[in-house]
Amino acid sequence: MKQRLNAAGRHNPRNPDDTIALMRELARLMPDRQIARLLNRIGVATGYGNAWTQERVRGFRNHYEIACYRDGEWAERGEISLEEAAKIIGVCNMTALRMLRRGDIKGRQVCPGAPWVIRTSDLVGFTDRKRPDRPLTPNPDQRAFDFQ
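Residues numbered from 1 in each chain as written. Predicted model: local features only at pLDDT ≥ 70, side-chain atom pairs only at ≥ 80, totals over all residues. Heavy atoms only, no water.

*Asks:* Can you walk me through the pattern of salt bridges in this structure?
*Replies:* Oppositely charged side chains may form a pair once their charged atoms are brought near each other. Under the definition given, this model contains seven salt bridges. Residue E25 is joined to R108 by a salt bridge in which the shortest nitrogen-to-oxygen separation is 3.5 Å. In this pair, E25 is assigned in helix 1 (residues 17–27) and R108 in the loop between helix 6 (93–102) and strand 2 (118–119), connecting sequence segments 83 residues apart. Residue R77 is joined to E73 by a salt bridge in which the shortest nitrogen-to-oxygen separation is 2.9 Å. With R77 and E73 both in helix 4 (residues 73–77), this residue pair falls four residues apart, about one helical turn. Accessibility classification places R77 together with E73 in one group, the buried group. (Salt bridge = Lys/Arg side-chain N within 4 Å of Asp/Glu carboxyl O. Helix = DSSP H or I, 4+ residues; strand = E, 2+ residues; numbered from the N terminus. Buried < 20%, exposed > 50% of the residue type's maximum accessible area, 1.4 Å probe, protein only.)

Encoded structure:
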(Lines give C-alpha, C1' and ligand atoms only; values in the text may rest on other atoms or scores of the structure.)
Protein backbone atom coordinates (compact mmCIF):
# COMPACT_ATOMS: atom_id res chain seq x y z
CA MET A 1 0.00 0.00 0.00
CA LYS A 2 1.39 3.36 -0.97
CA GLN A 3 1.50 6.01 1.75
CA ARG A 4 0.70 9.63 1.14
CA LEU A 5 3.45 12.17 1.78
CA ASN A 6 2.99 15.06 4.16
CA ALA A 7 3.78 18.71 3.39
CA ALA A 8 7.49 18.18 4.07
CA GLY A 9 7.60 15.32 1.54
CA ARG A 10 8.03 12.62 4.19
CA HIS A 11 5.85 9.69 5.06
CA ASN A 12 3.54 10.17 7.99
CA PRO A 13 4.76 8.27 11.05
CA ARG A 14 2.79 5.37 12.43
CA ASN A 15 2.13 5.40 16.16
CA PRO A 16 1.20 2.07 17.70
CA ASP A 17 -2.20 1.83 19.35
CA ASP A 18 -0.59 1.04 22.70
CA THR A 19 1.32 4.37 22.57
CA ILE A 20 -1.94 6.21 21.93
CA ALA A 21 -3.65 4.39 24.82
CA LEU A 22 -0.66 5.04 27.11
CA MET A 23 -0.74 8.74 26.23
CA ARG A 24 -4.48 8.89 26.98
CA GLU A 25 -3.86 7.44 30.45
CA LEU A 26 -0.80 9.57 31.21
CA ALA A 27 -2.51 12.79 30.11
CA ARG A 28 -5.00 12.29 32.95
CA LEU A 29 -2.19 11.93 35.50
CA MET A 30 0.53 14.46 34.72
CA PRO A 31 1.52 17.52 32.65
CA ASP A 32 3.17 17.25 29.22
CA ARG A 33 6.73 17.85 30.43
CA GLN A 34 6.50 14.98 32.93
CA ILE A 35 4.93 12.73 30.29
CA ALA A 36 7.88 13.43 27.97
CA ARG A 37 10.38 12.57 30.71
CA LEU A 38 8.56 9.34 31.55
CA LEU A 39 8.24 8.19 27.94
CA ASN A 40 11.96 8.84 27.34
CA ARG A 41 12.87 6.99 30.55
CA ILE A 42 10.88 3.85 29.63
CA GLY A 43 12.15 3.88 26.04
CA VAL A 44 9.04 4.81 24.04
CA ALA A 45 10.04 6.74 20.92
CA THR A 46 8.00 9.03 18.68
CA GLY A 47 6.76 7.83 15.28
CA TYR A 48 10.00 9.08 13.73
CA GLY A 49 12.12 7.46 16.44
CA ASN A 50 12.93 10.73 18.22
CA ALA A 51 12.95 11.49 21.91
CA TRP A 52 9.89 13.11 23.42
CA THR A 53 9.75 16.79 24.34
CA GLN A 54 6.97 18.82 25.89
CA GLU A 55 6.10 20.23 22.45
CA ARG A 56 5.99 16.77 20.84
CA VAL A 57 3.70 15.48 23.59
CA ARG A 58 1.44 18.51 23.12
CA GLY A 59 1.37 17.98 19.34
CA PHE A 60 0.63 14.27 19.80
CA ARG A 61 -2.23 15.04 22.18
CA ASN A 62 -3.69 17.64 19.84
CA HIS A 63 -3.45 15.29 16.84
CA TYR A 64 -5.28 12.46 18.64
CA GLU A 65 -7.66 14.86 20.46
CA ILE A 66 -6.49 13.88 23.94
CA ALA A 67 -7.42 16.31 26.71
CA CYS A 68 -4.58 17.89 28.66
CA TYR A 69 -3.91 17.50 32.38
CA ARG A 70 -5.74 19.83 34.77
CA ASP A 71 -4.80 20.59 38.37
CA GLY A 72 -7.37 19.14 40.73
CA GLU A 73 -8.47 16.44 38.29
CA TRP A 74 -7.29 13.68 40.66
CA ALA A 75 -9.46 15.03 43.48
CA GLU A 76 -12.50 15.22 41.18
CA ARG A 77 -12.09 11.52 40.39
CA GLY A 78 -11.51 10.65 44.07
CA GLU A 79 -7.91 9.57 43.55
CA ILE A 80 -4.70 10.34 45.42
CA SER A 81 -1.01 9.65 44.93
CA LEU A 82 1.15 7.23 46.88
CA GLU A 83 2.66 10.07 48.93
CA GLU A 84 -0.76 11.38 49.96
CA ALA A 85 -1.91 7.86 50.86
CA ALA A 86 1.18 7.38 53.03
CA LYS A 87 0.37 10.58 54.93
CA ILE A 88 -3.23 9.48 55.49
CA ILE A 89 -2.19 6.05 56.75
CA GLY A 90 0.65 7.47 58.82
CA VAL A 91 3.57 5.58 57.29
CA CYS A 92 6.54 6.55 55.15
CA ASN A 93 6.40 6.34 51.35
CA MET A 94 8.43 3.11 51.12
CA THR A 95 6.18 1.37 53.63
CA ALA A 96 3.13 2.46 51.64
CA LEU A 97 4.80 1.13 48.48
CA ARG A 98 5.43 -2.22 50.17
CA MET A 99 1.81 -2.30 51.26
CA LEU A 100 0.74 -1.67 47.66
CA ARG A 101 2.95 -4.44 46.33
CA ARG A 102 1.69 -6.85 49.00
CA GLY A 103 -1.93 -6.00 48.24
CA ASP A 104 -2.81 -4.36 51.55
CA ILE A 105 -3.68 -1.20 49.64
CA LYS A 106 -5.29 -1.29 46.21
CA GLY A 107 -3.73 0.94 43.59
CA ARG A 108 -2.75 0.98 39.95
CA GLN A 109 0.15 2.20 37.88
CA VAL A 110 -0.25 2.83 34.13
CA CYS A 111 3.33 1.82 33.36
CA PRO A 112 6.57 1.41 35.30
CA GLY A 113 7.68 4.84 36.49
CA ALA A 114 4.21 6.39 36.33
CA PRO A 115 2.66 7.64 39.55
CA TRP A 116 0.63 5.22 41.63
CA VAL A 117 -3.08 6.04 41.67
CA ILE A 118 -5.05 5.07 44.77
CA ARG A 119 -8.76 5.63 45.22
CA THR A 120 -9.59 7.46 48.43
CA SER A 121 -12.54 5.13 48.95
CA ASP A 122 -10.07 2.22 49.25
CA LEU A 123 -8.43 3.92 52.25
CA VAL A 124 -11.66 4.52 54.19
CA GLY A 125 -11.44 2.59 57.41
CA PHE A 126 -7.79 1.72 56.84
CA THR A 127 -6.60 4.19 59.45
CA ASP A 128 -9.10 2.78 61.97
CA ARG A 129 -7.44 -0.63 61.91
CA LYS A 130 -4.72 -1.36 64.40
CA ARG A 131 -1.41 -1.88 62.69
CA PRO A 132 0.60 -4.84 63.92
CA ASP A 133 3.69 -4.18 66.02
CA ARG A 134 5.71 -6.65 64.02
CA PRO A 135 7.81 -5.45 61.07
CA LEU A 136 6.12 -5.38 57.67
CA THR A 137 8.84 -7.47 56.06
CA PRO A 138 9.33 -10.82 57.80
CA ASN A 139 13.03 -11.35 58.51
CA PRO A 140 14.12 -13.85 61.17
CA ASP A 141 17.46 -12.05 61.61
CA GLN A 142 15.78 -8.75 62.44
CA ARG A 143 15.65 -7.93 66.14
CA ALA A 144 13.33 -5.52 67.89
CA PHE A 145 14.81 -3.09 70.39
CA ASP A 146 12.90 -1.98 73.46
CA PHE A 147 13.83 1.55 74.42
CA GLN A 148 13.01 2.80 77.90
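So much for the structure itself; the text now carries on.
*Asks:* Quick question: what am I supposed to make of the environment of P31 here?
*Replies:* By secondary structure assignment, the location of P31 is in the loop between helix 1 and helix 2 (32–42). Taking relative accessible area as the criterion, P31 reaches 35% and is therefore assigned partly exposed. Along the primary structure P31 and R58 are separated by 27 residues, whereas in three dimensions their C-alpha atoms are 9.6 Å apart.

*Asks:* Looking at this structure, I do not really get the environment of F60. What am I missing?
*Replies:* Inspection of the secondary structure assignment puts F60 in helix 3 (residues 54–63). For F60, the residues in contact, after removing those within four places along its chain, are N15, T19, I20, M23, W52 and I66. (Contact = heavy atoms within 4.5 Å.)

*Asks:* So what exactly am I meant to see when it comes to helix 1 here?
*Replies:* Because each turn of an α-helix spans 3.6 residues, side chains separated by three or four positions end up pointing in the same direction. Of all the residues in helix 1, the buried ones are T19, I20, L22, M23, L26 and A27. Along the axis of helix 1, the buried residues cluster in a sector spanning 160 degrees; they form a single face. Residues D17 and D18 are exposed on helix 1 and point more than 90 degrees away from its buried face. Residues of helix 1 that are buried make contact with helix 2 and helix 3. (Arc of directions from axis to C-beta.)

*Asks:* What am I meant to see in the packing of aromatic side chains here?
*Replies:* Between two aromatic rings, the relevant description is the distance of the centres plus the angle of the planes. All told, the structure shown has two aromatic pairs when counted by the stated rule. Both rings, one in W52 and one in F60, keep their centres 5.5 Å apart while their planes meet at 80 degrees; by these two values the pair is edge-to-face. A relative accessible area of 7% means that F60 is categorised as buried. Seen from their ring centres, F60 and Y64 are 4.8 Å apart, and the 45 degrees between their planes marks the pair as tilted. Overall, Y64 belongs to the partly exposed group, its relative accessible area being 22%. One aromatic cluster is present, formed by W52, F60 and Y64 through successive ring pairs. (Phe/Tyr/Trp six-rings, centres within 6.5 Å; stacked < 30°, edge-to-face > 60°.)

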